[in-house]
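Per-entry structural report
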Amino acid sequence: MDKAEIIERAKAYIAEEKDENFRKEVEALIASPDANLAELEDRFYRALEFGTGGLRGVIGGGTNRMNTYVINNATQGLANYFIKTFPEKAAKGELSAVVAYDSRKYSDVFAEATALIFAANGFKTYLFTGLRPTPELSYAIRKLGCDTGVVVTASHNPPQYNGYKAYWNDGAQVIEPHDKGIIDEVNAVSSVKTISKDEAIKNGKLVLIDKEIDEPYWAMVKSQLFRPELFSKMAKDVKIVYTPLHGTGAMHVEKVLGDLGLAVTTVPEQREPDGTFRTVEKPNPEEAPALKMAVELAQKEKADVVMATDPDADRFGSAVPGKDGKFVLINGNQMGVLLTDYILLSRKELGKMPAAPAMIRSIVTAPMVDKIAAKNGVKLVECLTGFKWIANDMATFEKTGSNQYVFGFEESYGYNVETDVRDKDGVSAAAMCAEMTLYWRSQGKSLLERLEELYNEYGYYEDCAISKNFAGASGAETMKNIMAKLRADGFKSLGGKKVICIRDVQQSIVFNPANPADKKPLALPKSNVLQFFLEGGTVVSARPSGTEPKIKFYINAQVPSNDGLAKAKEAAASLCDAIKTEINAVLDAAK
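A few points on the structure. (Residues numbered from 1 in each chain as written. Predicted model: local features only at pLDDT ≥ 70, side-chain atom pairs only at ≥ 80, totals over all residues. Heavy atoms only, no water.)

1. Comments concerning the packing of helix H4 (residues 68-85) against helix H6 (residues 107-120)
The geometry of a pair of packed helices is captured by two quantities: the angle between their axes and the separation between those axes. Basically, it comes down to this: Every axis corresponds to a line fitted to the C-alpha atoms, with the helix fit spanning only the stretch in contact, and the corresponding angles, defined between N-to-C directions, vary from 0 to 180 degrees. Under the DSSP-based scheme used, a helix requires at least four consecutive residues in state H or I and a strand at least two consecutive residues in state E, with every element numbered from the N terminus. Handedness of each helix crossing follows the sense of rotation of the near helix against the far helix: counterclockwise by less than a right angle gives left-handed, clockwise gives right-handed. Working rule for contacts: check all heavy atoms of both residues, and any pair within 4.5 Å makes them a contact.
Between H4 and H6, the least distance of the axes is 9 Å, while the angle of their chain directions is 35 degrees. Seen from above, H4 lies across H6 with right-handed handedness. In this structure, H4 contributes Thr-68, Ile-71, Asn-72, Thr-75, Gln-76, Leu-78 and Ala-79 to the contact, and H6 contributes Val-109, Phe-110, Ala-113, Thr-114, Ile-117 and Phe-118.

2. Structural notes on helix H2 (residues 20-31)
Selection rule: Expected span of a helix: the number of residues minus one, times 1.5 Å. Any residue under 20% of the maximum accessible area for its type is buried, any over 50% is exposed, and the rest in between are partly exposed; the area is computed with a 1.4 Å probe on protein chains only. Summarising the geometry, the arc corresponds to the directions from the helix axis toward the C-beta atoms.
Spanning twelve residues, H2 covers 16 Å between terminal C-alpha atoms, matching the ideal 16 Å at 1.5 Å per step. Along H2, the residues classified as buried are Phe-22, Val-26, Leu-29 and Ile-30. The arc that holds the buried residues of H2, viewed along the axis, is 95 degrees, so those residues lie on one side.

3. Re empty space enclosed by the protein
In plain terms, the rule: Points on a 1 Å grid over protein atoms alone make up a cavity when a 1.4 Å probe fits among them but cannot get out, and a pocket when they form an open set with protein on both sides within 12 Å along at least five of seven lines; lining residues each have an atom within 4 Å of a point. Grid points are joined across faces, edges and corners, and a volume is the space filled by probe spheres set on the points.
For the structure on display, the rule yields one cavity of 30 Å³ or more. Estimates place the volume of the largest cavity at around 30 Å³. For the lining of the largest cavity, the elements supplying multiple residues, two or more each, are helix H14 (332-349) and strand S16 (460-469). If one sorts the elements of the lining of the largest cavity by residue count, H14 sits on top with three residues.

4. Some details on the nonpolar core
The condition that has to hold: In this description, a nonpolar core means a group of buried Ala, Val, Leu, Ile, Met, Phe, Trp, Tyr and Cys residues linked to one another through side-chain atoms lying within 4.5 Å.
Val-98, Leu-257, Leu-262, Met-307, Tyr-415 and Met-436 are the most contacted members of the largest nonpolar core, which has 80 residues in total. Among the elements that take part in this core, helix H17 (residues 426-442) stands out by supplying eleven residues, more than any other. In this structure Val-98 touches Tyr-126, Phe-128, Leu-137, Ala-140, Ile-141, Leu-144, Cys-146, Thr-148, Gly-149, Val-150 and Ile-209, once residues within four positions along its chain are discounted. Among the nonpolar cores identified, the runner-up in size contains 47 residues, and Tyr-13, Leu-29, Leu-48 and Phe-82 belong to it.

5. Thoughts on the environment of Lys-492
Which entries qualify depends on this criterion: Two N or O atoms count as a polar contact when they lie within 3.5 Å, although within protein this holds only if one can serve as hydrogen donor and the other as acceptor, and sequence-adjacent residues are included solely when both atoms are side-chain atoms.
Locating Lys-492 in the fold gives a position in the loop between helix H19 (472-489) and strand S17 (493-494). Here Lys-492 falls in the exposed class, since its relative accessible area comes to 60%. For the pair Lys-492 and Ile-502, spaced ten residues apart in sequence, the C-alpha to C-alpha distance is 9.9 Å. Residues contacting Lys-492, with those up to four places away along its chain left out, are Lys-498 and Val-499. Separated by 3.1 Å, the side chain of Lys-492 and the backbone oxygen of Asp-489 make a polar contact.

6. Describing the sheet that holds strand S1 (residues 55-58)
What counts is decided by this rule: Any two strands are treated as partners once DSSP identifies two or more bridges connecting them.
The six strands lie next to each other as S1-S5-S4-S2-S3-S6, forming an open sheet whose pairing is mixed. Every other strand in the sheet has two partners, leaving S1 and strand S6 (206-209) as the edge strands with one partner each. Recorded for the sheet is a direction-independent mean angle of 15 degrees between the axes of neighbouring strands. Pairing of strand S4 (residues 148-152) with strand S5 (residues 161-167), which is carried by four bridges, proceeds in the antiparallel orientation. Each residue of the ladder has a partner; that of Val-152, found in S5, is Tyr-164. Packing of H4 onto the sheet brings it into contact with S1, S4 and S5, and relative to S5 it is tilted by some 5 degrees. The strands that H6 touches are strand S2 (96-101), strand S3 (124-128), S4, S5 and S6; relative to S2, the one it contacts most, it runs at about 175 degrees.

7. Structural notes on the pattern of salt bridges
Oppositely charged side chains can form a pair if their charged atoms are brought close together. Under the convention used in this document: Only one rule defines a salt bridge in this text: a Lys or Arg side-chain nitrogen within 4 Å of an Asp or Glu carboxyl oxygen.
Under the definition given, this model contains 40 salt bridges. Between Arg-43 and Glu-25 there is a salt bridge; the shortest N-O distance is 2.9 Å. Of this pair, Arg-43 sits in helix H3 (residues 37-44) while Glu-25 sits in helix H2, and the two are 18 residues apart along the sequence. Overall, Arg-43 belongs to the buried group, its relative accessible area being 10%. For Glu-25, a relative accessible area of 32% gives the class partly exposed. Here Asp-274 and Arg-278 are joined by a salt bridge, their closest N and O atoms 2.5 Å apart. Asp-274 gets classed as buried once you look at its relative accessible area, which sits at 15%. On the basis of relative accessibility, which here comes to 54%, the residue Arg-278 falls in the exposed class. In this structure, a network of salt bridges that share partners links the residues Glu-25, Glu-39, Asp-42, Arg-43 and Arg-65.

8. Focus: the pairing of strand S7 (residues 239-243)
So the rule is basically this: By convention, a crossover is right-handed whenever its connection, traced from the first strand over the helix to the second and viewed with the strands pointing away, goes clockwise.
With four of its five residues buried, S7 lies for the most part within the structure. Where S7 meets strand S8 (residues 263-266), four bridges bridge the pair, whose relative direction is parallel. Counterpart to Lys-239 in the pairing with S8 is Ala-263. As for the winding sense of the linkage, the β-α-β connection from S7 through helix H12 (residues 249-259) to S8 is right-handed. Taken together, the four bridges between S7 and strand S9 (residues 305-309) define a ladder with parallel strand orientation. Along S9, the bridge assignment pairs Tyr-242 with Met-307.

Any functional reading would require information beyond the geometric quantities listed.
Dropping the structure here:
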């Protein structure tokens, strides 16, 4: 793109942007275009795409940034799609939407702009009076009977990001074919309708909400628990240190766990909402540095468990003390294994296992839970990465009556123990983790000791990942070339283990590389994912992110535990290191 075209795009944006701060950012850049040409190109080489998960990008002025201009177009396109999809409801003024937001910079501004555009387009629009978690937004859609919902959040991304997630009337994020239809409408927007907040409230198109959703949501979370008597007997004996990482979780986690009688100490420096996330580089409970302050406080307080939620409180992280008293982080797959084990054994012990029970995991989640599900007579369903696909399978169970949902999770610290929320829910995960901690304590065990028992029974699994960023226009092309090369050449072996099966989700095929002509169909929606199944059970998956400029490799290493856990852990670590070395060589060669 040449300089003249970049400047032309920047000036066109300035003419449309209503927010003075974003306008001034771009005006300052084009005042010295030669000095700022690279920055201008990054802001204007494309329009920030409304993808299948909504929007996510760096906050700032420009078409490739998160700002009011981009938010307004996205919301108008979303409104247009619902008006066309439900014309009778639209004609009667019966369409409705609910909007929530987290603690990030501009989240409240973007949420109000979204609500007012829905209101101007005839939707009865509910807007939370303050920041709320993503799972509560999903719950509110179902509770209020809304046609759509939006939450303004960039989840666990660094502070310079914000995002926008769009939901369907079932409380789940939109999937095909609606996602593509909405994208087409967003791309076709030529003008945006809006209205003042006072006028929208006066004419009844904007309704402010808070406790009328908060209170039933809290009650619902508590109702999912299996053994309330454990809390009355043992809650005072367990200390919890919690961090919301400057996000939305404090009010909800403190309320629910407090109602259960648990002693919760929230990390004071991280309790209040703050879009700069000043105490962490990334507010991501998947990463050890984000839990550093919580672990230090827990060590000082001699706590029994550390809990953390990300800024929109849909992800849940945890750490517990080992035998030496030092805290050990429990990763996403491990917590999923522990919750699967606890939920299934509780349902069986208490006579609450439904007919035809089923649980769901994503394709990049460790398959250890498959064995646990099989032992308990529970069907295991695989789905694409992203909780919207878990929610889609939940909905399919309901519509067909084929199965009863009991649990779903993915390795990226997302868990769902209920059907009232159709997304991952860090608040309910915290409550269930608390009960699970009490239960195993009543059996004389810690969570780590129970996890070791499971490893001894089912084999040892170790998870590691490689994530490489490729920003900008050239980065997108690089990632495309990496996936093309992997499809063309693949891996014959990894870490000294032979590749015995390849699953290409984009092409909907499964085949043995020793006989590539013998391809079998794969019953999953198309997605740009490649999976390599190694002898011995290890799985390596390659997947470009749909929301960030990075490609990620998931390594689920499986090693038998017949010779003891110590040797299994050593062998798994060695296998992971060898696989990572080979994959990094491929990524380095692609730069």
